[in-house]
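What follows is each chain in one-letter form.
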Amino acid sequence: HVIAEGQEPADFWVTLGGKSQYSTSKRLQEEDMQITPRLFECSNQTGQFVATEISNFNQDDLDEDDVMLLDTWDQIFLWVGKGANETEKNEVVGTAQEYLRSHPGGRDLDCPIILIKQGFEPPTFTGWFHAWDPHKWSDGKSYEEMKAELGDASSI
């Protein structure tokens, strides 16, 4: 049984736990997409700023005390945990730029680098994680409510 997007019956959404925003990027619909996203934990816990890759990642791998770098090939997301320190926040942008410059795949140096605060994750980020729990850090608020609360993103 095929149901067109936007024509889903109510019980379809009930089964999924309710209707909410989801990523509709054309890129996610491409049949031949061979992109394997890569997640790195960026931390100075050892006294030195280090980015460590996490394989087979999920939402639970996002460490609230660090900054995480998610590479989805045409975008780099920098997820800033609530407990990330100033050094981690300051170092990670340069690390992302160096990652692009030194990547053996010949990356586009104009690849967007997007900063995201913990608890304010947009669907373009959460879509890369299986079984994303939208309420894990939201205190029950919707994405739109949190976005309005976040205000000016330049204050990150």
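Use the structure listed above.
Residues numbered from 1 in each chain as written. Predicted model: local features only at pLDDT ≥ 70, side-chain atom pairs only at ≥ 80, totals over all residues. Heavy atoms only, no water.

A.B. asks: I'm lost on the overall build of the protein in this one. Help?
C.D. replies: From N to C terminus, the protein includes four helices and five strands. Helices and strands in the protein line up, N terminus first, as α-β-β-β-β-α-β-α-α. Classification of the 156 residues of the protein by burial places 31% in the buried group. Pairs at least 24 residues apart make up 56% of the contacts formed inside the protein by residues separated by at least 6 positions. Carbon and sulfur atoms form 48% of the exposed surface of the protein, whose accessible area is close to 10,000 Å². (Helix = DSSP H or I, 4+ residues; strand = E, 2+ residues; numbered from the N terminus. Buried < 20%, exposed > 50% of the residue type's maximum accessible area, 1.4 Å probe, protein only. Contact = heavy atoms within 4.5 Å. Areas by Shrake-Rupley, 256 points an atom, 1.4 Å probe, with all protein chains shown as cover.)

A.B. asks: Any chance you could explain the pairing of strand S1 (residues 38-43) here in plain terms?
C.D. replies: A regular strand places its side chains so that they alternate between the two faces of the sheet. Bridge count for S1 against strand S3 (residues 67-71) is five bridges, and the pairing is antiparallel. Directly across from Glu-41, in S3, lies its bridge partner Met-68. Pairing between S1 and strand S2 (residues 50-54): five bridges, direction antiparallel. Residue pairing for S2: Glu-41 is matched across the bridge by Thr-52. Connecting S1 to the next strand, S2, in antiparallel fashion are six residues, including Gly-47 with a positive phi near 100 degrees. (Pairing = 2+ DSSP bridges.)

A.B. asks: Quick question: what am I supposed to make of the sheet that holds S1 here?
C.D. replies: As a general point, the strands of a sheet are linked pairwise by backbone hydrogen bonds and lie either parallel or antiparallel. Overall, mixed pairing links the five strands, which are arranged S2-S1-S3-S4-S5 in an open sheet. A strand with exactly one partner marks an edge of an open sheet, and here the two such strands are S2 and strand S5 (113-117). Going from strand to strand, the sheet's axes swing by 25 degrees on average, the running direction of each strand aside. Across the sheet, helix H2 (residues 86-102) is in contact with S1, S3, strand S4 (76-80) and S5; its angle to S4 comes to roughly 165 degrees. (Axes fitted to C-alpha atoms, helices over the stretch in contact; angles between N-to-C directions.)

A.B. asks: Mind showing me how you'd approach the pairing of S3 here?
C.D. replies: The element S3 is largely enclosed, with a buried count of five among its five residues. Burial along S3 is two-sided: the residues Val-67, Leu-69 and Asp-71 and Met-68 and Leu-70 are all buried. One ladder, built from five bridges, connects S3 with S4; its direction is antiparallel. Within S4, the position partnered with Leu-70 by the bridge is Phe-77. A loop of four residues connects S3 with S4, the two strands running antiparallel in sequence, and Trp-73 in this loop sits at a positive phi of about 75 degrees.

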